Amino acid sequence: MEMGSVLEEFNVGVVGAGYVGIVTGACLAQIGHRVTCVDRDAGRVADLEEGRMPIFEPGLEELVVRNVRQGQLRFTTDLPEVVREADILFIAVDTPQRGDGSADLSSVGKVARAIGRALAEASPGADKTGRERPLVVVNKSTVPVGSGDYVSMLIKEGATEGGSSGVSYRVVSNPEFLREGSAVYDCLFPDRIVLGAERRDALDTMRALYEPIIEQSFPTQADPRPKVTVPFVTTDLVSAEMIKYAANAFLATKISFINEIATICELVGADVSSVAHGIGLDERIGSRFLSAGIGWGGSCFPKDVAALRAVAREYDHEPVLLDATVAVNERQSKRVISKLQRDLHTLKGKRVALLGLAFKPNTDDLREAPSLEIAHALDQRGARAAGYDPVAGKKAQNLLPDLKVVFDPYEALAGAHAAVLVTEWEELRALDLERVASLMESPKLLVDGRNALDPRAVHDAGLLYRGFGRG
Ligand SMILES: NC(=O)c1ccc[n+]([C@@H]2O[C@H](COP(=O)([O-])OP(=O)(O)OC[C@H]3O[C@@H](n4cnc5c(N)ncnc54)[C@H](O)[C@@H]3O)[C@@H](O)[C@H]2O)c1
């Protein structure tokens, strides 16, 4: 579509106003659709209506406020009303990990049933012209293979509860690949859009919805890359669901791979940064996701790899590569403790600064963050930890009883025998190392959990440097 050509505008509902839901809603509003985000959390909805973001995500607040002001975006707790109005309804609720590793679909299930009930109650299927137009229900939550059919079944059951057996809808799978910390960018400038559906009409509707993004034809203040056509990958439901899990499992495996190589580098005296550079230039390998360190965490990789392993086991398949990916990752946090023990010997009575608490830079998300595990391990060994994070500090105070959270990095470092760079925020990469050394107690150990610092500069400032796989 060329700039200025007619855009098909849709009424879009997004169920779940979390990291994915708010970003998806705001971006779809930005490209010209009328969007309503619905969440069961009335406090969250009230905050969003007032322009207060419940999450930290660069550029999101501005995007939300602008689109609310222009009448393109609104927030509510009233799901039936949103179902009645919508042409397309995204499900973007949480799918956390259950005890056995599988994905908990209870939130998705509740929403699906409620959609069925609302469809039944609204005598669905007719748009303003009286034309039959099925509601397109989009699974945006990360859900295991087969969930499309499951959602479809629950919508039908909900409709029966609501007194109708003939509601009209299509279920499609549209997995989300955004990265927290650059979610708005990723949503507007994705590497690809994946769509799984069993019916052509639903695919056509979704293609029309995403047309401005596919053709990069929406107005944007700072267009960060040359105009391209974004690949629109269409497939069946099950394959689309599998693409999401396979993508995350591959990325997690790539990180675990380089961490395994880093451990061997340490043993033989090689430098993993040079090794990663040397292999990453091979186009078949690629240079991204080859940073050795504490390993992966966050709201997606751990639970998605666990869910894929659970799916494999359901079919009596031992996913040995995925098992090893997880085993290597679990070892990385423990290696932080070993590195501290090597130079501090006993950790009892030692003070340790944790620099960065969020699972990665530019987010406030602490779900499965390595800082949680490290803080706990330090507490168990009798050390006292003080933690600092540029944005996740307040959330960490509630989540991490073992940790004294402070709001200045140098306060965390004052009197510490050791510091661990847990999250490579720009601010923490740029610390004044001489000031750090003047504040710390001997042996002034700095464990660089992300290989983000220059070992020579750290050494020259009078600190003892330990990285991962750096000889
Ligand atoms: N966070 C990410 O980076 C990311 C990236 C890709 C995919 N995903 C997937 O997207 C999904 C959502 O993830 P998230 O991080 O946005 O979750 P989140 O926990 O930030 O948000 C989920 C929201 O859904 C709401 N909710 C739950 N049940 C509801 C119901 N019955 N009715 C209305 N609202 C309800 C919650 O109140 C919450 O606000 C998950 O399946 C996740 O795996 C997440």
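Quantities reported herein were computed from a predicted structural model and do not represent experimental measurements. (Residues numbered from 1 in each chain as written. Predicted model: local features only at pLDDT ≥ 70, side-chain atom pairs only at ≥ 80, totals over all residues. Heavy atoms only, no water.)

Asker: Could you clarify how one ought to interpret the overall build of the protein chain in this entry?
Answerer: Helix and strand counts for the protein chain come out as 18 helices and 14 strands. For 471 residues, the compact-globule estimate of 2.2 N^0.38 gives 23 Å, and the C-alpha radius of gyration of the protein chain, at 24 Å, lies within 12% of that figure. Its C-alpha atoms give the protein chain principal-axis dimensions of roughly 75 × 50 × 45 Å. For the protein chain, the residues scored as buried account for 55% of the 471 residues in total. Long-range pairs, those at least 24 residues apart, make up 74% of the contacts in the protein chain between residues at least 6 apart in sequence. Taken as a whole, the protein chain presents about 20900 Å² of accessible surface, with 51% of it coming from carbon and sulfur. (Helix = DSSP H or I, 4+ residues; strand = E, 2+ residues; numbered from the N terminus. Rg over C-alpha atoms; globule rule 2.2 N^0.38 Å. Buried < 20%, exposed > 50% of the residue type's maximum accessible area, 1.4 Å probe, protein only. Contact = heavy atoms within 4.5 Å. Areas by Shrake-Rupley, 256 points an atom, 1.4 Å probe, with all protein chains shown as cover.)

Asker: Just to check I follow, could you spell out the sheet that holds strand β10 (residues 384-388) for this structure?
Answerer: Pairing between the strands of a sheet is mediated by backbone hydrogen bonds and can be parallel or antiparallel. Across the sheet, which stays open at both edges, the six strands sit in the order β11-β10-β9-β12-β13-β14 with parallel pairing between neighbours. Each edge of the sheet is formed by a strand with only one pairing partner; in this case those strands are β11 (403-406) and β14 (464-466). Strand-to-strand twist in this sheet, taken as the mean axis angle between neighbours without regard to direction, amounts to 20°. With four bridges connecting them, β10 and β11 associate as parallel partners. Bridged to alanine 385 within β11 is leucine 403. Running at roughly 160° to strand β13 (residues 445-448), helix α12 (residues 320-344) makes contact with β9 (351-355), β12 (418-421), β13 and β14 of the sheet. Sheet strands in contact with helix α13 (residues 370-380) are β9, β10 and β11, and its direction is about 175° off that of β9. (Pairing = 2+ DSSP bridges. Axes fitted to C-alpha atoms, helices over the stretch in contact; angles between N-to-C directions.)

Asker: Would you mind showing me how to read the packing of aromatic side chains here?
Answerer: By convention here, two paired aromatic rings are described through the distance between centres and the angle between planes. One pass over the structure, following the stated rule, counts four aromatic pairs. Considering the side-chain rings of phenylalanine 289 and phenylalanine 301, the 6.4 Å spacing of their centres and the 45° angle between planes classify their relative orientation as tilted. Placement of phenylalanine 289 in the loop between α10 (272-280) and α11 (301-314) and of phenylalanine 301 in helix α11 is noted, with a sequence separation of 12 residues between them. The exposure class of phenylalanine 301 is buried, given its relative accessible area of 13%. Considering the side-chain rings of tryptophan 296 and phenylalanine 301, the 6.3 Å spacing of their centres and the 70° angle between planes classify their relative orientation as edge-to-face. According to the relative accessible area criterion, tryptophan 296 is buried, its value standing at 8%. (Phe/Tyr/Trp six-rings, centres within 6.5 Å; stacked < 30°, edge-to-face > 60°.)

Asker: Would you mind showing me how to read the nonpolar core here?
Answerer: Generally speaking, soluble globular proteins have nonpolar side chains that are buried together. Among the nonpolar cores identified, the biggest contains 55 residues, and Leu340, Leu354, Leu378, Leu403, Leu413, Val420 and Leu463 are the most heavily contacted of them. Excluding residues that lie within four positions of it along the chain, valine 420 makes contacts with Ile294, Val336, Leu340, Val352, Ala353, Leu354, Leu355 and Val447. By size, the runner-up hydrophobic cluster in this structure holds 49 residues, among which are Leu48, Ile55, Ile214 and Phe218. (Core = buried A, V, L, I, M, F, W, Y, C linked by side-chain atoms within 4.5 Å.)

Asker: Any chance you could explain the site of the ligand here in plain terms?
Answerer: Surrounding the ligand, one finds 25 residues, the nearest of these being Val20, Asp39, Thr95, Glu180 and Lys303. Contact between the ligand and tyrosine 19: an oxygen atom at 3.0 Å from a main-chain N or O atom of the residue. One nitrogen or oxygen atom from the side chain of aspartate 39 is found 2.6 Å from an oxygen atom belonging to the ligand. Considering the ligand on its own, with 830 Å² of exposed area, one finds that the protein chains cover 90% of that surface. Elements supplying a minimum of two residues to the shell around the ligand: α1 (19-30) and α5 (106-121). Of the residues belonging to the shell around the ligand, the class tally is nine nonpolar, seven polar and nine charged. (Near = heavy atom within 4 Å. Polar contact = N/O pair within 3.5 Å; in protein donor to acceptor, adjacent residues only side chain to side chain. Nonpolar A, V, L, I, M, F, W, Y, C, P; charged D, E, K, R; others polar.)

Asker: Could you clarify how one ought to interpret a nonpolar patch on the surface in this entry?
Answerer: On the surface, a cluster of nonpolar side chains totalling about 200 Å² of accessible area is made up of Val145, Val238 and Met242. Structurally, the position occupied by methionine 242 is in helix α9 (residues 237-268). (Patch = residues over 30% accessible without salt bridge, like charges linked within 9 Å, V, L, I, M, F, W, Y side chains within 5 Å. Salt bridge = Lys/Arg side-chain N within 4 Å of Asp/Glu carboxyl O.)

Asker: How do you make sense of unusual backbone geometry when you look at a structure like this?
Answerer: Residues other than glycine predominantly adopt negative phi, and peptide bonds predominantly adopt the trans conformation. Omega for the bond connecting serine 442 with proline 443 falls within 30 degrees of zero, at 15°, which places this linkage in the cis form. Within the secondary structure, proline 443 is located in the loop between α17 (433-439) and β13. Its identity is not glycine, yet glutamine 216 carries a phi of approximately 50°, on the positive side. Tracing the chain through its elements places glutamine 216 in the loop between α8 (200-214) and β8 (232-235). On the accessibility criterion, glutamine 216 (3% relative accessible area) is buried.

Asker: Looking at this model, I keep getting lost on the pattern of salt bridges. Mind explaining?
Answerer: Any two side chains of opposite charge can pair, on the condition that their charged atoms come close. Going through the model one piece at a time under the given rule, you end up with 28 salt bridges. Across the salt bridge formed by aspartate 204 and arginine 200, the nearest N and O atoms sit 3.1 Å from each other. Here aspartate 204 pairs with arginine 200, and both are found in helix α8, just four residues apart, close to one helical turn. In this structure arginine 200 comes out as exposed when scored by relative accessible area, which is 59%.

Asker: Please clarify how the packing of α11 against α12 should be interpreted in this entry.
Answerer: To characterise two packed helices, one gives the angle between the axes of the helices and the distance between these axes. Interaxial distance between α11 and α12 falls to 10 Å at its minimum, and their mutual angle equals 150°. Between α11 and α12, the angle is such that the two are roughly antiparallel. Regarding α11 and α12, the two cross each other, and that crossing is left-handed. Residue-level contacts link Val305, Leu308, Arg309 and Arg313 of α11 to Leu322, Asp323 and Val326 of α12. (Parallel < 35°, antiparallel > 145°, perpendicular 65-115°, else oblique. Left-handed = near helix turned anticlockwise from the far one by under 90°.)

Asker: Which parts of the structure should I look at to understand the packing of α9 against α10?
Answerer: Interhelical geometry of α9 versus α10 gives an angle of 135° and a closest axis separation of 9 Å. Relative to α10, the element α9 lies oblique. The handedness of the crossing between α9 and α10 is right-handed. Contacts from Phe257, Ile258, Ile261, Ala262 and Cys265 in α9 reach Val272, Val275, Ala276 and Ile279 in α10.

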